[in-house]
Amino acid sequence: MRCICSSRFASRLEEFERFNSLLICSASFLYGVLGLYRDEIFENPRTAAPYDLSAALQLPAILTMTPMKVSSSKRVRRRESLRYIRCLLLNDDYTPMEFVILILERFFGLKHAQSFEIMLTVHQKGVAVVGVFSHEIAETKVGQVMDFARRHQHPLQCTMEKE
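Each residue is numbered by its place in its chain's sequence as written, counting from 1. For this predicted model, a pLDDT threshold of at least 70 governs which residues receive local features, and a threshold of 80 or more governs which side-chain atom pairs are given and counted, while totals over whole chains, interfaces and linings are taken from all residues. The side-chain quantities take in all heavy atoms of the structure and omit both hydrogens and water.

### Thoughts on the confidence of the model for the protein chain
Reasoning step 1: Mean pLDDT for the protein chain: 76, with 55% of residues reaching 70 or above.
Reasoning step 2: Confidence scores per residue from the predictor, reported as pLDDT, run from 0 to 100. Any two residues having at least one pair of non-hydrogen atoms within 4.5 Å are treated as being in contact. Scored below 50 in pLDDT, residues 59–68 shows 7 contacts in the model against residues more than four places distant or in partner chains.

### Notes on the pairing of strand 1 (residues 84–90)
Reasoning step 1: With 7 bridges joining them, strand 1 and strand 2 (residues 127–134) adopt antiparallel strand pairing. Pairing of Y84 across the sheet is with S134, part of strand 2.
Reasoning step 2: A pair of strands is considered paired only if DSSP assigns at least 2 bridges between the two. Counting from the N terminus, the helices are the DSSP runs of H or I reaching at least four residues and the strands are the DSSP runs of E reaching at least two. Sheet analysis places strand 1 next to strand 3 (residues 157–162), joined by 6 bridges and oriented antiparallel. If you follow R86 over to strand 3, its bridge partner there is E161.

### Regarding helix 6 (residues 135–151)
Reasoning step 1: Between its terminal C-alpha atoms helix 6 stretches 24 Å, which fits the 24 Å expected from 17 residues at 1.5 Å a residue.
Reasoning step 2: Under the scheme applied here, a residue whose accessible area is under 20% of the maximum for its type counts as buried, over 50% as exposed, and between as partly exposed, the area being computed with a 1.4 Å probe on protein chains only. Listing the buried residues of helix 6 in full gives A138, K141, V142, V145, M146, F148 and A149. Viewed along the axis of helix 6, the buried residues span an arc of 165 degrees, placing them on a single side of the element. In helix 6, the exposed positions that point more than 90 degrees away from the buried face belong to E136, R150 and R151.
Reasoning step 3: Check the buried side of helix 6 and you find it contacts strand 1, helix 4 (97–108), strand 2 and strand 3.
Reasoning step 4: Directly after helix 6, the chain includes Q153, whose backbone phi takes a positive value near 60 degrees. A helix's residues, less one, multiplied by 1.5 Å, set its expected span. Arc definition: it is the arc formed by the directions from the helix axis to the C-beta atoms.

### Comments concerning unusual backbone geometry
Reasoning step 1: With a phi close to 60 degrees, Q153 is a non-glycine residue in the positive phi region.
Reasoning step 2: Among the secondary structure elements, Q153 is positioned in the loop between helix 6 and strand 3.
Reasoning step 3: A relative accessible area of 72% means that Q153 is categorised as exposed.

### Details of the nonpolar core
Reasoning step 1: In this text, buried Ala, Val, Leu, Ile, Met, Phe, Trp, Tyr and Cys residues form a nonpolar core when linked through side-chain atoms within 4.5 Å. In this structure, L89, I103, L104, F108, V145, L156 and C158 are the most contacted members of the largest nonpolar core, which totals 25 residues.
Reasoning step 2: Of all the secondary structure elements, the ones that give two or more residues to this core are strand 1, helix 4, helix 5 (112–125), strand 2 and helix 6.
Reasoning step 3: Counting residues per element, this core draws most heavily on helix 4, at 7 residues.
Reasoning step 4: Excluding residues within four positions of it along the chain, F108 makes contact with C87, I103, V130, F133, K141, V145 and C158.

### Regarding the packing of helix 4 against helix 5
Reasoning step 1: Where helix 4 contacts helix 5, the two axes come as close as 9 Å, and the packing angle between them is 130 degrees. Taken together, helix 4 and helix 5 sit at an angle that is classed as oblique. Considering only the axes of helix 4 and helix 5, their crossing is right-handed. Contacts between helix 4 and helix 5 pair M97, V100, I101, L104 and E105 from the former with H112, S115, F116, I118, M119 and H123 from the latter.
Reasoning step 2: Residues that form the contact of helix 4 with helix 5 fall into these classes: 7 nonpolar, 3 polar and 1 charged. In this analysis an axis means a line fitted to C-alpha atoms, helices contributing only their contacting stretch, and an angle means the value between N-to-C directions, from 0 to 180 degrees. Relative orientations are named as follows: roughly parallel for angles under 35 degrees, roughly antiparallel for angles over 145 degrees, roughly perpendicular for angles from 65 to 115 degrees, and oblique for any other angle. Handedness of each helix crossing follows the sense of rotation of the near helix against the far helix: counterclockwise by less than a right angle gives left-handed, clockwise gives right-handed. Put simply, Ala, Val, Leu, Ile, Met, Phe, Trp, Tyr, Cys and Pro go in the nonpolar bin, Asp, Glu, Lys and Arg in the charged bin, and everything else, Gly too, in the polar bin.

Right, here's the structure in full:
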């Protein structure tokens, strides 16, 4: 029994040593390639062209750090998707103040003092901004608040509007 365990350990140790030596060789090769690039930049920083690592490493260009060209229409769509939405809480005469504080703490992650201030703003002004989120997150939070209020039989309203 002891011989079997020691032979398994020895074979695992050999595998580990082979893997470790492979990692060391790979790391030293990469250091050499990147070192060439570093030396080229420091010798002629103004004239040094970007070094194409795909040729040195013999990898396809998609696996290296080559910049992607993005069309202007994609940039516009990205900017539109990054617009933020405000979540608003509306006042009513029936929802208890404690329930509003509970919602603010549970769904919007506010502390008790912040929740109390926003609840008073809703009560006094009729509406208050609870938070600003991306469209998907705002939509989810509004749905959660409305569902929670309906389940507890309160007419509380939460809405979204563009910032």
